[in-house]
Amino acid sequence: MRRGGARGAGGERGVGTMKNWRYIVLHTVAAAGFIFLLQRYALNASLETSLLWMVAFGGCAAGLAYMQSNR
């Protein structure tokens, strides 16, 4: 069984692929924003530390969302 958007005559996915990328980006931004706010304001970490954790969690969230979109 295959999921995704309808394929055109050329075999391209089209709308389904763009929808998956949109969800991956939204998941990445939400996770990165959450961890930045948590580190910066709730845990009183420095700006550099908060940004480092934001990048790390954003990357992990992007990888996880990408893996889930390809299931």
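Just so we're clear, the structure is a prediction, and the values are computed from it rather than from any experiment.

(A) Geometry of the side chain of Q39. Assignment of secondary structure puts Q39 in helix 1 (residues 15-42). With relative accessibility at 12%, the residue Q39 sits in the buried group. Those residues within four positions of Q39 in sequence are excluded, and the remaining contacts are N44, A45, T49, S50 and W53.

(B) Focus on helix 2 (residues 47-69). When the terminal C-alpha atoms of helix 2 are compared, their 32 Å separation across 23 residues agrees well with the 33 Å that a helix rising 1.5 Å per residue should span. Along helix 2, the residues classified as buried are S50, G58, A61 and A65.

(C) Layout of the packing of aromatic side chains. By the definition in use, this model includes two aromatic pairs. Between the NZ or CZ atom of R22 and the centre of the ring of Y23, over which it lies, the distance is 5.5 Å.

(D) Spatial organisation of a nonpolar patch on the surface. Side chains of W21, Y66 and M67 sit close together on the surface and give an oily, nonpolar patch of about 360 Å² of accessible area. Within the fold, M67 resides in helix 2.

(E) Examining unusual backbone geometry more closely. With phi around 55°, N44 is a residue other than glycine that occupies positive phi space. We classify N44 as exposed; its relative accessible area is 64%.

The rules behind the values
Residues numbered from 1 in each chain as written. Predicted model: local features only at pLDDT ≥ 70, side-chain atom pairs only at ≥ 80, totals over all residues. Heavy atoms only, no water. Helix = DSSP H or I, 4+ residues; strand = E, 2+ residues; numbered from the N terminus. Buried < 20%, exposed > 50% of the residue type's maximum accessible area, 1.4 Å probe, protein only. Contact = heavy atoms within 4.5 Å. Expected span 1.5 Å × (residues − 1). Phe/Tyr/Trp six-rings, centres within 6.5 Å; stacked < 30°, edge-to-face > 60°. Lys NZ or Arg CZ within 6 Å of the ring centre and 35° of its normal. Patch = residues over 30% accessible without salt bridge, like charges linked within 9 Å, V, L, I, M, F, W, Y side chains within 5 Å. Areas by Shrake-Rupley, 256 points an atom, 1.4 Å probe, with all protein chains shown as cover. Salt bridge = Lys/Arg side-chain N within 4 Å of Asp/Glu carboxyl O.

None of this, on its own, says anything about what the molecule does.
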